[in-house]
2 protein chains.
Amino acid sequence: MSRKRFDTLNCSIAGTLELVGDWWTLLVVRDAFFGANSFTDFRKNLGISRNILTDRLQRLLDAGILEKFQSSDTSKRELYRLTTKGKDLLPLLVSMMQWGDRWINGPGHEPVTLVSRTSAEQIRQIRVETEGHESLMPEQLGFIPGPGADQTTRQRFARK
Amino acid sequence: MSRKRFDTLNCSIAGTLELVGDWWTLLVVRDAFFGANSFTDFRKNLGISRNILTDRLQRLLDAGILEKFQSSDTSKRELYRLTTKGKDLLPLLVSMMQWGDRWINGPGHEPVTLVSRTSAEQIRQIRVETEGHESLMPEQLGFIPGPGADQTTRQRFARK
C-alpha cells in the first residue's frame, strides 16, 4: 500500500497497519517480547524462511521498532532488541492475544498466560476506558475530529 | 497462511492475525465501529474496489465478526453490523490507533479523538496491567505456559 493511500485515509489505524500489518512482521515483534534476540532464535521459533525473516527484520529496523546491538560475550554477535517505539506495541499484541484466547482457542485453552514478574498476578482483560476508569462498550464510544483531522475526517464526524 | 501453520505456532496472536491480519479486513471493522453499515458506506469511506470489499465482507461474515441484517426502512436494504465477537475487537483497534497517534501522526496531530458518549471524557492510554491495577512495562511481564500450551510452548517458557 502506497504512502498516498495511507495519507488519504487520515487514520492512525491505517498508519499502524502500514508499518506492522503484516503477519510475519508482528510475529517477529511478538517473539522479541518473548525474549528472542538473534536471527537463529527468530528462525527457530517461527519456522520462517531466511529470506522472509531478513526482509521483515530490515523493515522493523527501518521503522525504528527494532534496533541492533552487539552481544556482550566474546562472540560479539549481532542481536536485535525492541526500541521504545517497539515496546510500545505491547498493548496491541496483548489485545490480539486476548482476543485470540477468547474467540479462537477458547477459555481453558489459552496457549500462554501473561503474569507480572513482580507480583505473579495475571494480566487483566484489556479495556477501553476513560481516565476516570469508566469502562466503555462500543456503543458508548464517541468519535470527534482530532487536532490532526483533515477535511474529510472533520466532515465525517461532524455529521454524527 | 494455512491452518497447519497457525496450529504449529500454538499462539493466539497468530490466530488473530490469520483472521483479521489483513489491511483491508481491519479497516472494514474500524469503519463498522465508526458507524458504517452498508456496502456503499464502506466503499465510499475506504475508497476500496468492489471486488476487494466483497471479498473482505464475506471473510468477516464467515469469521462471525460481522453479521447481516435488514434495514428497518422501506428499502429493506441488506446491511452489516458487528457481532459480539466483532465488538470485542475494540481494544485491539484502540491500541492500534493510539500507537499510530503517538508514533506515526505524533502528539497534537491525532486525526480522531475517542470520548465517552456518557461523560464526554477522553479515552485513556490502553495499558497492560494486573487485576490489582499494577501497570506493567514489557520487562516486568512474565510468560508461562497456559492450559492450552503444546509441548513446544511448554518447553519454551519453562526455560526462562
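The rules we used
- Residues numbered from 1 in each chain as written.
- Chains lettered and ligands numbered in written order.
- Predicted model: local features only at pLDDT ≥ 70, side-chain atom pairs only at ≥ 80, totals over all residues.
- Heavy atoms only, no water.
- Domains from an automatic or database assignment.
- Contact = heavy atoms within 4.5 Å.
- Salt bridge = Lys/Arg side-chain N within 4 Å of Asp/Glu carboxyl O.
- Polar contact = N/O pair within 3.5 Å; in protein donor to acceptor, adjacent residues only side chain to side chain.
- Helix = DSSP H or I, 4+ residues; strand = E, 2+ residues; numbered from the N terminus.
- Buried < 20%, exposed > 50% of the residue type's maximum accessible area, 1.4 Å probe, protein only.
- Least-squares fit on C-alpha atoms with pLDDT ≥ 70 in both.

A.B. asks: Looking at this structure, how should I read the domain arrangement of chain A?
C.D. replies: The parts lose accessible area when they come together, and the size of an interface is often stated as this lost area. All names here are of chain A. According to the domain assignment, chain A consists of domain 1 (6-88) and domain 2 (89-128). The partner domain 2 presents seven residues to the 12 residues of domain 1 that form the contact. Here domain 1 and domain 2 share zero salt bridges between them. Joining domain 1 to domain 2, the criterion identifies four residue pairs in polar contact (both at pLDDT 80 or more). For the side of domain 1 that touches domain 2, the secondary structure elements donating two or more residues are helix 2 (12-20), helix 3 (23-34) and helix 6 (84-87). For the side of domain 1 that touches domain 2, the leading source of residues is helix 3, giving five residues.

A.B. asks: What should I look at first to understand the pattern of salt bridges in this one?
C.D. replies: When the charged atoms of two side chains lie near each other, side chains of opposite charge can form a pair. Overall, the coordinates contain 22 salt bridges over all chains when judged by the stated rule. A salt bridge links Arg59(A) to Asp55(A); its shortest N-O distance comes to 3.2 Å. Of this pair, Arg59(A) and Asp55(A) are both found in helix 5 (residues 50-62), four residues apart, which corresponds to roughly one turn of the helix. On the basis of relative accessible area, Asp55(A) is assigned to the partly exposed category, the value being 33%. Within this structure, Arg124(A), Glu129(A), Arg124(B) and Glu129(B) form a network of salt bridges that share partners.

A.B. asks: Sorry if this is basic, but what is going on with the side chain of Gln98(B) here?
C.D. replies: Position of Gln98(B) relative to the elements: it lies in helix 7 (residues 90-105). In this structure Gln98(B) touches Ile123(B), Arg124(B), Gln125(B) and Ile126(B), once residues within four positions along its chain are discounted.

A.B. asks: When you look at the relation of the copies chain A and chain B in this model, what are you seeing that I'm missing?
C.D. replies: Once chain A is rotated about the relating axis by 180° and shifted along it by 0.0 Å, it coincides with chain B to within an RMSD of 0.0 Å. On this basis, the relationship between the two copies can be described by a two-fold rotation axis. Taking C-alpha positions as reference, the residue of chain A nearest the rotation axis is Leu92(A), located at 2.8 Å. Here 100% of the contact residues of chain A are again contact residues in chain B; the copies associate through an equivalent surface.

A.B. asks: Would you explain unusual backbone geometry in this entry?
C.D. replies: Excluding glycine, most residues fall at negative phi; most peptide bonds, likewise, are trans. Residue and element names in this part refer to chain B. Despite not being glycine, Lys76 shows a phi value in the positive range, around 50°. Along the chain, the position of Lys76 falls in the loop between strand 1 (66-70) and strand 2 (78-82). On the basis of relative accessibility, which here comes to 48%, the residue Lys76 falls in the partly exposed class. Look at Ala120: it is not a glycine, yet its phi comes out positive at around 65°. With respect to the helices and strands, Ala120 occurs in the loop between strand 3 (112-116) and strand 4 (141-145).

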